[in-house]
Structures are given as structure tokens and as C-alpha cells.
Amino acid sequence: MAQAGCGERGPRSPGGSGLQAALLGLNVTVIQGTGDGAPALCRHVEVDLAVTHSADLFDGQQEVSKATSLPLARQVRQAAAPVVAAQAGV
């Protein structure tokens, strides 16, 4: 994963030279950019890199985690109870 550096005024230079420098000499083709929808990042991905931009998956993944964390925690506690009892008996 390569990330262009940012300063007070945004990316180091127009054209995303930080990303190009990070990829220099590597057999890598950028086919898609993923980010939070910040206008400068979207522009860089779509215009400078000429690839598709898609939204990140953080929000969706967080909602799925919320829905599954309680049942999984319950299963972990239930599975741990016999282990604790067995260790206490040793």
C-alpha cells in the first residue's frame, strides 16, 4: 500500500508525485482507488491516475460488526466456561 504525503496545503505536488515515486521501479498497475470521498483524493484518483474511485468499506463493515459482535461474544463466553472449569480441576 502506498500513500502520497500531505502537507499544510494538501498533496506534496500536483499529479501525486508521492504515489508515483512510491511505485517507481515496481511492477504495479493502479486499477482502483478507495477512500473516504474527499474531493482532492477523488480528483487525484479519477483525473491524475485515470482509474475508478470507490467508497471505503469502513462504515459498512462497522455496521456488520455491530450486528454480529454480541452473538459472537456470547458464544466465546459459553465456550470459555468449560475450559475454565477444566483448568480449575487440574
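Everything quoted here is computed from the prediction, not taken from an experiment.

## Examining the overall build of the protein chain
Point 1. The secondary structure content of the protein chain amounts to three helices and four strands.
Point 2. Each helix and strand of the protein chain, ordered N terminal to C terminal, gives the series β-β-α-β-α-β-α.
Point 3. Taking all 90 residues of the protein chain together, the buried fraction comes to 13%.
Point 4. Considering only contacts in the protein chain between residues 6 or more positions apart, those separated by 24 or more positions represent 17%.
Point 5. A total accessible area of about 7,300 Å² is found for the protein chain, and carbon and sulfur atoms account for 60% of it.

## As for the environment of Asp59
Point 1. Relative to the helices and strands, Asp59 resides in helix α3 (residues 58-89).
Point 2. Asp59 sits 23 residues away from Asp36 along the chain, and the two C-alpha atoms are 9.9 Å apart.

## Description of the pairing of strand β4 (residues 52-55)
Point 1. One ladder, built from four bridges, connects strand β3 (residues 32-35) with β4; its direction is parallel. Paired with Gln32 across the strands is Thr52, a residue of β4.
Point 2. Read from β3 through helix α2 (residues 39-48) to β4, the crossover connection turns out right-handed.

## Details of α2
One turn of the α-helix equals 3.6 residues, which is why residues spaced by three or four share an orientation.
Point 1. Within α2 the residues assigned to the buried category are Cys42, His44 and Val45. Projected onto a plane normal to the axis of α2, the buried residues spread over an arc of 160 degrees and lie on a single side. Facing away from the buried side of α2 by over 90 degrees, the exposed positions are Pro39, Ala40 and Val47.
Point 2. After α2 finishes, the residue Ala50 shows a positive phi value of roughly 55 degrees.

Criteria and cut-off values
- Per chain, the residues get numbers from 1 upward, laid out in the order the sequence is written.
- At least 70 in pLDDT is required for a residue's local features to be given in this predicted model, at least 80 for side-chain atom pairs to be given and counted, and no such filter applies to totals for whole chains, interfaces and linings, which use all residues.
- Side-chain measures here rest on the full set of heavy atoms in the structure, leaving out hydrogens and waters.
- Strands are runs of DSSP state E lasting at least 2 residues, helices are runs of H or I lasting at least 4, and numbering of each runs from the N terminus.
- Relative accessibility decides the category of a residue: with a 1.4 Å probe and only protein chains considered, values under 20% of the type maximum give buried, values over 50% give exposed, and everything between is partly exposed.
- The contact rule is simple, with two residues in contact once any of their heavy atoms fall within 4.5 Å.
- All accessible areas in this document rest on Shrake-Rupley with a 1.4 Å probe, and a residue is counted as covered only by the protein chains that are shown.
- By the convention used here, strands pair only if DSSP detects at least 2 bridges between them.
- By definition, the crossover connecting two strands over a helix is right-handed if that path, from the first strand to the second, turns clockwise as seen with the strands pointing away from the viewer.
- The arc in question is formed by the directions pointing from the helix axis toward the C-beta atoms.

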